[in-house]
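Per-entry structural report
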Amino acid sequence: MKKLMLCMVALAATCGTTAKAQDFAGAWQGTIKPSGGGDLRLVVKVSKGDKGGWSAKLYNAGRAMPPMNASSVTVEGSTFKFAAELIGASFEGKLSADGATIVGSWTMGDAKTPVTLARATPETAWDIPEPPAPEKPMAADANPSFDVATIKPNPSGAASLQQLTINGRNFTIRNGSLGDLIAFAYNVQMKQIVDGPSWMDTDRYDIAAVPDVEGEPNVEQLRTMMRKLLTDRFQLKFHHDKRELGAFVLSGGKSSEKLVPSEAKGLLPNIGVGSATNGMKLTLQNATVTDFTGFLQFLVLDRPVVDQTGIAGRYDMTVTFTPDDSQFNGHPPKGPALADGTEPAPDLYSAIQLQLGMKLSAEKTQVDVLVIDHVEKPSAN
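A brief look at the structure comes next. Because the structure is predicted, anything quoted here is derived from the model rather than measured. (Residues numbered from 1 in each chain as written. Predicted model: local features only at pLDDT ≥ 70, side-chain atom pairs only at ≥ 80, totals over all residues. Heavy atoms only, no water.)

**Regarding the pattern of salt bridges**
Here the structure, examined in full by the defined rule, presents 11 salt bridges. With its nearest N and O atoms 3.1 Å apart, the salt bridge here joins arginine 204 to aspartate 201. Note on aspartate 201: relative accessible area 32%, which makes it partly exposed. Its salt-bridge partner being lysine 377, residue aspartate 203 comes within 2.9 Å of it at the nearest N-O pair. Of this pair, aspartate 203 sits in the loop between strand E13 (193-194) and strand E14 (204-211) while lysine 377 is found in the segment after strand E21 (359-374), placing the two residues 174 residues apart along the sequence. Its relative accessible area of 21% is what places aspartate 203 among the partly exposed residues. Residue classification places lysine 377 among the partly exposed residues on the basis of a relative accessible area of 48%. (Salt bridge = Lys/Arg side-chain N within 4 Å of Asp/Glu carboxyl O. Buried < 20%, exposed > 50% of the residue type's maximum accessible area, 1.4 Å probe, protein only. Helix = DSSP H or I, 4+ residues; strand = E, 2+ residues; numbered from the N terminus.)

**Digging into the pairing of strand E6 (residues 79-84)**
Along any regular strand, the residues point their side chains to alternate faces of the sheet. Burial within E6 is extensive, with 5 of its 6 residues counted as buried. Across 5 bridges, the pairing between strand E5 (residues 72-76) and E6 is antiparallel. Note on E6: the bridge partner recorded for threonine 74 is lysine 81. Between E5 and E6, which pair antiparallel and follow one another directly, the connecting turn spans 2 residues, one of which, glycine 77, has a positive phi of 65°. The pairing of E6 with strand E7 (residues 89-95) spans 6 bridges and is classified as antiparallel. Across the sheet, threonine 79 pairs through a bridge with lysine 94, a residue of E7. Taking the residues that link successive antiparallel strands as the turn, the E6-E7 hairpin has 4 residues, and the phi of glycine 88 there is positive, at about 65°. (Pairing = 2+ DSSP bridges.)

**Some words on the sheet that holds E14**
Taken together, the 4 strands give an open sheet; going across it, the order is E10-E14-E12-E11, and neighbouring strands pair in antiparallel fashion. Each edge of the open sheet is held by one strand with a lone partner, namely strand E10 (146-153) and strand E11 (163-167). The mean angle between the axes of side-by-side strands here comes to 10°, regardless of whether they run parallel or antiparallel. Where strand E12 (residues 170-177) meets E14, 5 bridges bridge the pair, whose relative direction is antiparallel. (Axes fitted to C-alpha atoms, helices over the stretch in contact; angles between N-to-C directions.)

**Structural notes on the packing of aromatic side chains**
What the rule picks out here adds up to 11 aromatic pairs. Among the aromatic residues, those joined into a ring-pair cluster are Phe24, Trp54, Phe80, Phe82, Phe91 and Trp106. Its guanidinium or amino end placed over the ring of tyrosine 59, lysine 45 lies 4.9 Å from that ring's centre, counting from NZ or CZ. For the cation-ring pair, arginine 223 lies above phenylalanine 184, with the distance from its terminal atom to the ring centre recorded as 5.4 Å. (Phe/Tyr/Trp six-rings, centres within 6.5 Å; stacked < 30°, edge-to-face > 60°. Lys NZ or Arg CZ within 6 Å of the ring centre and 35° of its normal.)

**Some remarks on the environment of glycine 168**
One can find glycine 168 in the loop between E11 and E12. Residues glycine 168 and glutamate 216 lie 48 residues apart in sequence; the distance between their C-alpha atoms is 7.0 Å.

**A word on the side chain of asparagine 154**
With respect to the helices and strands, asparagine 154 occurs in the loop between E10 and E11. Of the polar contacts made by the side chain of asparagine 154, one reaches the side chain of serine 156; its length is 2.6 Å. Those residues in contact with asparagine 154 that sit more than four places away from it in its chain are Arg174, Asn175, Arg204, Tyr205 and Asp206. (Polar contact = N/O pair within 3.5 Å; in protein donor to acceptor, adjacent residues only side chain to side chain. Contact = heavy atoms within 4.5 Å.)

**Description of the pairing of strand E17 (residues 270-276)**
Here E17 pairs with strand E18 (residues 279-287) via 7 bridges, running antiparallel. Note on E18: the bridge partner recorded for alanine 276 is glycine 279.

**Details of unusual backbone geometry**
In the Ramachandran plot, asparagine 286 falls in the positive-phi region, its phi being about 60° despite a non-glycine side chain. Turning to its location among the elements, asparagine 286 is positioned in strand E18. Positive phi is not limited to glycine here, since phenylalanine 328 has a value of about 55°. In this structure, phenylalanine 328 sits in the loop between strand E20 (315-321) and helix H5 (348-356).

**Regarding the side chain of threonine 79**
Checked against the element boundaries, threonine 79 lands in strand E6. The class of threonine 79 is buried, set by a relative accessible area of 10%. Separated by 2.7 Å, the side chains of threonine 79 and lysine 94 make a polar contact. When neighbours within four sequence positions are excluded, threonine 79 is seen to be in contact with Phe24, Thr74, Glu92, Gly93 and Lys94.

Nothing here speaks to function; it is geometry throughout.
So this is what it looks like as structure tokens:
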């Protein structure tokens, strides 16, 4: 009987510990002090879903910006983990016995920083600045042009596009070729542009432009402005044709549990390419799946990409992969050397399936192509 009593006491103690360990719901806050400076006052709001899974939203209490959804949240006993793949960061810590703190470390890239997250109360909770209001959208029926546009040769010698952004009303391209400009303007892949001049990929330009209509343009309005620029400054003329080309098809059903809905607002996605500890990383914020396929065919892959997922909405997406020589127009970015014991990231096709829950497959099909009839080097400013 005594032995049974001890077992029951031990079981009760274990159950009590587990119950406390699971008590992660609520707001947690702590200051991350990386060695390079620039403290981050992090607020993590954790909630448990109806089906038992966990989710978290990350806030910066020191800066007015939209919150970010954690890409994954894991609870194992008293251990709490989350990842923010969009910024290449993660946290892992253990809940204290009194449930008041989570002591652990914040990892971003190769740097690991100790941090303690304290449970926020109404008295101790930090104020979170309101994110800035999104830019007023350009009128949906607007037919904009670039009011002012400067085009200058880029002498860097870099072999690929370095920047394509719009910040407020300032549109910028850095190291863009004629092929890059046509591909963006008409939402095609480089192989869909035929009979171009010998300098179509070698001559590269920096472009700075401002729209002639107030408000933030959507992607199609940006393309409209670029088409007009190509006509006016490059004297571009072309006609359409059909060719059988290899293409990629992205499939995956009407939804994917691995896609993280975006908290960002606005009409345009934020898209970037960077290095990861085990390969390259594509990051997209506030992006549709069609934005993703357009990005793949524009910058990464060597053939058109068709979205057949039927997935609606805007998401934050991160894909970490090891590129091959057929990607990035034959000039894949060089990532850091792999540390001892680090496994390289999977290839792009496996990474999309594992990390986004979608499938990219190759097939041949009839594809629209742009046949260049006439084009000139851009007129001087």
